[in-house]
Amino acid sequence: MNYLDCSFKINGNLKKISIIEDKTLIHVIRDELGLTGTKLGCGLEQCGSCAILIDGEKKLSCNLLAKDYQNCEITTIEGLENKDGLNNVQEAFREFNAAQCGYCTSGIIISITALFDKNKKPSSQEIQNALNGHLCRCGSHSVVLKAIDSLIEN
Amino acid sequence: MNQFNSGPSINTYNKLSHWFDFSNPGILKVYSGKIDIGQHISSTLALIASKITEIKYDQIEIIKLSTDISPNEGITASSLSVANSGSAIKAASITLKINFINYALENLEIKNEDILFENGVIKDKNSNKTISYWDFAKTDDFRKIIIPENFDENSIKKINYENNQKIELKTINDIVTGKYKYVHDINFPKMLHARIVRPPSYHCKLIKINEDFKKRLVENDITLFVKGSFVAILSQDEFLVTKFLEIAKKNIFWEEKQQLSNENVFNSLEKHEKESLLVKSGGEAFYEEIPEKKSFDDPKIKSLSTIFKKSYLMHGPIGPSASCAIYKDNKFTIFSHSQSIFALKYSISKFFDIDPNLVSLKFMPGSGCYGHNGADDVAFEASVIAKEYPDRHILLKWTREDEHSWEPYGSASLNKVFGAINDYGEVIYWSNEAYSDTYLSRPSDLELTNFTSYKFLTNNFAKTKSKPKTSAHMGIHRNLDPIYNFKETRLVKNLVHDLPLRTSALRTLGAFANVTASESFLNDLASIKNIDPFDIRINHLDDERAIDVLNNLKEKMEIFKLKDDSFRGIAFSRYKNSAAYCAVGVELNVTDDLEINLNHAWITVDAGEIAYEDGIKAQVEGGFIQAASWALYEEVIFDSKEIISKDWDSYKIIGFDNIPVFTTSVIDHRGFPYLGVGEVVAGPTGAAISNALCNALGQRIKILPFTKDNITKELLN
Ligand code: FES
Ligand code: FES
């Protein structure tokens, strides 16, 4: 097994670690760095629960080779809070109690954060595009959509 | 009727200390035998306790279920969490409050009008002396109190509380910040990550493992675990174990003892050996002779018959099942998200032939749970592995493919419905024959074979036959008995044997298929006589609460104008004919490409006294969305060799792009028993969609899911 010394910029911190060369990014995030808010749902880029931000863009982390993302700014759900506390998307989800089991929620919050970072008044089509690929089995959709709508009105 | 019953849990746990722990000043800890499986039961229970005791919601903690300390309230299922645990905690709270006030009055030597009651503390207005719940809990009086089984109207009246409080869910802050811990996130020093190497299908015996592969495992510090035909690999590095799982599949060989099946499952349901039971009014099933179906020659009586079909459905949690187990000092400690924590304790102790006290199960959250999924299997499997590696935590996770291919599905089913309506619009005859595999194969100490890995561990691949359950609304015949006062009914439950896929409890058991079929068929009978769908239902109901729910739905739907090119349908059900009432309306449109878009959904529910209104709304809207997904998209595909629906591409579920606008109403019946809402909406949702679709197409589609393929086939028929 080949190991590689890598450094990652995660949630504003620089982390130097030695990893198995072909380790996927989600396993670095969860297992090496202990940031378990990013969830593994399928490992097949089909469910959205592993979404993270790479240089501000939403990416699914379950099949990415970690070593390729060493020079990027990586943000996970744990890194969304700012100096005032929760970011506005987290705040809206908290306010609306927009989760059932919550397994899909961090991925959705990541995608919606990426969307609102670029566009404060997205159209419903743009919101749909951002949610495309996010599966929720509990049926939290209606409350999630209300939480997202509240962000536009504000 | 305003009498309140404490529910079944109080029969066994009738002391305040069974439910409350006041050992931390300012904090009330509450025990419950129910778990958070996505329905936020802990928040609802804390709210119930808070409303009555007047201790602030934020100061109430629900203790996570552990078999060492929690009351055994059975399975967290069947929409009974609020009905059982909620009623018990309400009863305990009322008992506590009444006794506490009496104690305080006596000890402070004051009168009722002289007290100030704030956040669990009673203060004498005049002397400023105080007594708190926490003081009271230290007394002998507290320890001796027995919670009554019933409360009369007067004692209930003494307890004032608001019903519609806004709360922040106990878990929400941790969920939105990524701090909420699931079993999947457990980490112990030196913990081993495990994955199971599965054969292609249920009945495969292990033949050979390549020697080269074994060497590679050793080189990479990966442990191979083999017991019978049960094979797992373990490593301290989780990535490594997932990587080698793919390699393992190519290096391990199996002998297929029995194939799945290529036969159309609906043919199998009709043809295979079955046990037929007569279901009587009240919903119980009996081993009695089934009467012949009647026929009607009178030209004034119109009759109709239809066969409804429903495919296999899966639970499909977004996070695959997981469990962590350790065997240390001859004892097991197992972290699990199973609904059946207590049953698991007994099953696992039975398997290892040890005292149940040597098995401790602790609840840790998993992904949402909608019935008997992989949670029990994975906990059992983790314990089997842990036994071989004492003193080390084993974290076993199922993969997406494991979850899709190995969970116990909701059975495929058939409903043969026949009915007759007279000139006055009265349904004078109603026959419904349900055909299905079992909905109840949860493992227990008596049925260890219900663990999917049991046959691999023992190399015993003999098929077991399930037995029909007979109690009211149990399994296949749940909601087969129509709630309407039809003149004569003939209800038959057929448990069909030797079907290809593993099945067990999926949310609502048989009720989804039965209600979808019945409520679709009732519309078809009504339309022969041009009777409005609301009228045909209300005309056959006596229960005022049922009628109120339907009238409320009608009112709510009339507020909104029907959109162009759209069509509506409604349906109604009372879950198990004894729990919550629910009426659903749907407005949808069908594209030229036969895609169904859900525009609007109306839900009216009566769940007795409202425990937590927003919680009820979230549950019924979530239930609607899941049932809409079943109705529109879902179908487990398989062939003779394996399950084909191994991932989310081959098993489509609803996405954010087909979520209707909701108008959800909850009718409050203050003082009435809590009725759970986790399942009530599914049946009426399937039927309301079916009825709207029938209006859109001018033809009944009788096979679920309503995919383009199925609709085309039906239209061509
Ligand atoms: S885990 Fe990455 S998309 Fe499902
Ligand atoms: S809230 Fe459970 S999967 Fe979305």
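Numbering of residues begins from 1 in every chain and follows the order in which that chain's sequence is written. The lettering of chains begins at A and the numbering of ligands begins at 1, in the order of writing. Local features are withheld for residues below a pLDDT of 70 in this predicted model, meaning they are given only at 70 or higher, and side-chain atom pairs are given and counted only at 80 or more; totals for whole chains, interfaces and linings count all residues. Calculation of side-chain values draws on the structure's entire complement of heavy atoms; hydrogens and water are dropped beforehand.

Q: Looking at this structure, I do not really get the overall build of chain A. What am I missing?
A: Helix and strand labels come from DSSP, where a helix needs a run of H or I of at least four residues and a strand needs a run of E of at least two; each type is numbered from the N terminus. Within chain A, the secondary structure is distributed over five helices and five strands. Scanning chain A from its N terminus toward the C terminus, one meets helices and strands in the order β-β-α-β-β-β-α-α-α-α. Computed over its C-alpha atoms, the radius of gyration of chain A comes to 16 Å, within 12% of the 15 Å expected for a compact globule of 154 residues. By principal-axis analysis of the C-alpha atoms, chain A measures approximately 50 × 30 × 25 Å. Per-residue burial over chain A gives 58% buried out of 154 residues. The globule rule used for comparison is 2.2 Å times the number of residues to the exponent 0.38, while the radius of gyration itself is calculated over C-alpha atoms. Relative accessibility under 20% of the residue-type maximum defines a buried residue, over 50% an exposed one, and the middle range a partly exposed one, all with a 1.4 Å probe and only protein chains included.

Q: How should I be thinking about the interface of chain B and chain A in this particular structure?
A: Often the size quoted for an interface is simply the accessible area lost on bringing the parts together. On the side of chain A, 49 residues touch chain B, which itself brings 59 residues to the contact. Buried area: the sum, over both parts, of the accessible surface (1.4 Å probe) that disappears when the two are put together. Taken together, the two surfaces of chain B and chain A that pack against each other cover about 4,300 Å², and 57% of this comes from carbon and sulfur. The largest contributions to the chain B side of the interface with chain A come from Phe239(B), Ile318(B) and Phe656(B), which together make up 21% of the buried area. A carboxyl oxygen of Asp or Glu within 4 Å of a side-chain nitrogen of Lys or Arg is what we treat as a salt bridge. Between the two partners, chain B and chain A, sit seven salt bridges. With a closest N to O distance of 2.2 Å, Arg94(A) and Glu168(B) form a salt bridge. No other element matches the eight residues that helix H18 (residues 613–632) of chain B contributes to the side of chain B that touches chain A. Residues are grouped as follows: nonpolar covers Ala, Val, Leu, Ile, Met, Phe, Trp, Tyr, Cys and Pro; charged covers Asp, Glu, Lys and Arg; every other residue, Gly included, is treated as polar. Among the residues forming the side of chain B that touches chain A, the class breakdown is 26 nonpolar, 19 polar and 14 charged. Only heavy atoms matter for contacts: two residues are in contact if any of them lie within 4.5 Å across the pair.

Q: Got a minute to help me understand the layout of surface pockets in this structure?
A: Any empty space left between the atoms is revealed when a probe the size of a water molecule rolls over them. All names here are of chain B. For cavity detection a 1 Å grid was placed over the protein atoms alone, and a set of points counts as a cavity when a 1.4 Å probe fits there but cannot get out; an open set counts as a pocket when protein lies on both sides within 12 Å along at least five of seven lines, with lining residues being those that have an atom within 4 Å of a point. Grid points are joined across faces, edges and corners, and a volume is the space filled by probe spheres set on the points. Its boundaries defined by the atoms lining it, the second largest pocket holds a volume of some 860 Å³. Along the wall of the second largest pocket there are 31 residues; nearest its centre are Asn450, Lys463, Thr464, Lys465 and Ser466. Residue composition of the lining of the second largest pocket, by class: 10 nonpolar, 11 polar and 10 charged.

Q: What's the story with helix H9 (residues 238–251) of chain B in this structure? I'm lost.
A: Count 3.6 residues to each turn of an α-helix, and residues three or four apart come out pointing the same way. All names here are of chain B. The span one expects for a helix is its residue count, reduced by one, times 1.5 Å. A rise of 1.5 Å per residue sets the reference length of H9, with its 14 residues, at 20 Å; its end C-alpha atoms lie 20 Å apart and thus fit the reference within 8%. What the bend at a residue measures is the angle between two axes, fitted to the seven residues ending there and to the seven starting there. Of all the bends in H9, the largest measures some 30° and sits at leucine 245. Those residues of H9 lying buried are Glu238, Phe239, Leu240, Val241, Phe244, Leu245, Ile247, Ala248 and Asn251. Within 3.5 Å is the distance limit for a polar contact, defined as a pair of N or O atoms, with the added protein rule that one can donate a hydrogen and the other accept it, and that residues adjacent in sequence qualify only through two side-chain atoms. Structurally, the start of H9 carries an N-cap: the backbone nitrogen of phenylalanine 239 is 2.9 Å from a side-chain oxygen of aspartate 237.

Q: For this particular structure, what's the right way to read the domain arrangement of chain B?
A: Residue and element names in this part refer to chain B. Each domain span listed reflects an automatic or database assignment of domains. Taken domain by domain, chain B holds domain 1 (3–162) and domain 2 (184–258 + 315–406). Relative placement of domain 1 and domain 2: their C-alpha centres are 40 Å apart. The interface is formed by 15 residues belonging to domain 1 together with 16 residues belonging to domain 2. Counting each side, the surface lost to burial between domain 1 and domain 2 is near 1,300 Å², with a carbon and sulfur contribution of 60%. At the boundary of domain 1 and domain 2, one finds one salt bridge. When the shortest N-O distance is used, the salt bridge between aspartate 68 and lysine 362 registers 3.3 Å. Our enumeration of links across domain 1 and domain 2 arrives at six residue pairs in polar contact (both at pLDDT 80 or more). Here the side of domain 1 that touches domain 2 is built from residues that sort into six nonpolar, six polar and three charged.

Q: Hey, could you run me through the environment of Thr171(B) in this one?
A: All names here are of chain B. Relative to the helices and strands, threonine 171 is located in the loop between helix H6 (153–157) and helix H7 (172–177). Taking the C-alpha atoms as reference, threonine 171 lies 34 Å from arginine 502; in sequence the two are 331 residues apart. Leaving out residues up to four positions away in the same chain, threonine 171 has contacts with His40 and Tyr180.

Q: Would you mind showing me how to read the domain arrangement of chain A here?
A: All names here are of chain A. Taken domain by domain, chain A comprises domain 1 (3–79) and domain 2 (88–153). Placing a centre on the C-alpha atoms of domain 1 and another on those of domain 2 gives a separation of 21 Å. At the junction of the two partners, domain 1 supplies 18 residues and domain 2 supplies 15 residues. When domain 1 packs against domain 2, the two sides together hide about 1,200 Å² of surface, and 58% of this comes from carbon and sulfur.

Q: Explain the nonpolar core to me, please; I cannot follow it from the model alone.
A: In a soluble, globular protein the nonpolar side chains are often hidden away together inside. The definition of a nonpolar core used throughout is a set of buried Ala, Val, Leu, Ile, Met, Phe, Trp, Tyr and Cys residues joined through side-chain atoms within 4.5 Å. Of all hydrophobic cores here, the largest spans 204 residues; its most connected members are Phe93(A), Ile112(A), Phe22(B), Leu598(B) and Phe624(B). Broken down by element, this core gets its largest block of residues, 14 residues, from helix H3 (residues 81–108) of chain B. Dropping the residues within four chain positions of it, Phe624(B) is found in contact with Val584(B), Val586(B), Leu598(B), Ala601(B), Ile603(B), Pro660(B), Phe662(B), Val681(B) and Thr685(B). Of all hydrophobic cores here, the second largest spans 40 residues; its members include Leu480(B), Ala517(B), Ala526(B) and Leu553(B).

Q: Would you mind showing me how to read the pairing of strand E6 (residues 121–124) of chain B here?
A: On a regular strand, one side chain projects to one face of the sheet and the next to the other, so that they alternate. All names here are of chain B. Side chains Ile122 and Asp124 project from E6 onto a buried face, and the interleaved Val121 and Lys123 project onto a face without burial. Think of it this way: DSSP has to see at least two bridges between two strands before they count as a pair. The antiparallel pairing of strand E5 (residues 115–118) with E6 creates a hairpin that spans two residues between the two strands, and asparagine 119 there sits at a positive phi of about 50°. Across three bridges, the pairing between E6 and strand E7 (residues 130–132) is antiparallel. When the sheet's bridge partners are listed, isoleucine 122 is paired in E7 with isoleucine 131. Hairpin geometry of E6 and E7 is characterised by an intervening segment of five residues between the two adjacent antiparallel strands and by a positive phi of about 65° at asparagine 128.

Q: Got a minute to help me understand the sheet that holds strand E27 (residues 661–667) of chain B in this structure?
A: Hydrogen bonds along the backbone pair up the strands of a sheet, which may run parallel or antiparallel. Residues and elements named next belong to chain B. If you trace the four strands from one edge of the open sheet to the other, you get E24-E25-E26-E27, paired in mixed fashion. The outermost strands of the open sheet, each flanked by one partner alone, are strand E24 (567–574) and E27. Across the sheet, the mean angle from the axis of one strand to that of its neighbour is 15°, orientation sign disregarded. Summarising the sheet, E24 and strand E25 (residues 581–590) pair through eight bridges and their orientation is antiparallel. Convention adopted: a line fitted to C-alpha atoms gives each axis, helices being fitted over their contacting stretch, and angles between N-to-C directions are expressed from 0 to 180 degrees.

Q: Is there a simple way to think about the pattern of salt bridges in this case?
A: It is possible for side chains bearing opposite charge to pair when their charged atoms get close. Residue and element names in this part refer to chain B. The tally for this structure, following the rule as stated, stands at 44 salt bridges over all chains. Arginine 198 is the partner of glutamate 381 in a salt bridge, and the nearest nitrogen-oxygen pair spans 3.5 Å. Of this pair, glutamate 381 sits in helix H12 (residues 375–388) while arginine 198 sits in the loop between strand E9 (192–197) and strand E10 (204–209), and the two are 183 residues apart along the sequence. Look at glutamate 381 and you get buried, because its relative accessible area is 0%.

Q: Explain the confidence of the model for chain B to me, please; I cannot follow it from the model alone.
A: Parts of the model with low pLDDT should not have their predicted coordinates read in detail. With 99% of its residues at a pLDDT of 70 or more, chain B has an overall mean of 95. Listed scores for the predicted complex are pTM 0.97 and ipTM 0.98. pLDDT is defined as a per-residue confidence score from the predictor, taking values between 0 and 100.

Q: Would you mind going over the sheet that holds strand E3 (residues 28–30) of chain B with me for this structure?
A: Residue and element names in this part refer to chain B. An order of E2-E3-E4 is seen for the three strands of this open sheet, with the pairing classed as mixed. A strand with exactly one partner marks an edge of an open sheet, and here the two such strands are strand E2 (20–21) and strand E4 (60–62). Across two bridges, the pairing between E2 and E3 is antiparallel. The residue of E3 that forms the bridge with aspartate 21 is lysine 29. Relative to the sheet, helix H2 (residues 41–53) contacts E3 and E4, its axis offset from that of E4 by approximately 145°.

Q: Sorry, what's going on with H3(B) here?
A: All names here are of chain B. Between its terminal C-alpha atoms H3 stretches 38 Å, which fits the 40 Å expected from 28 residues at 1.5 Å a residue. Burial analysis of H3 places 24 of its 28 residues in the buried class, which makes it a mostly covered element. Downstream of H3 by a residue or two, glutamate 109 has a phi angle that is positive, lying close to 55°.

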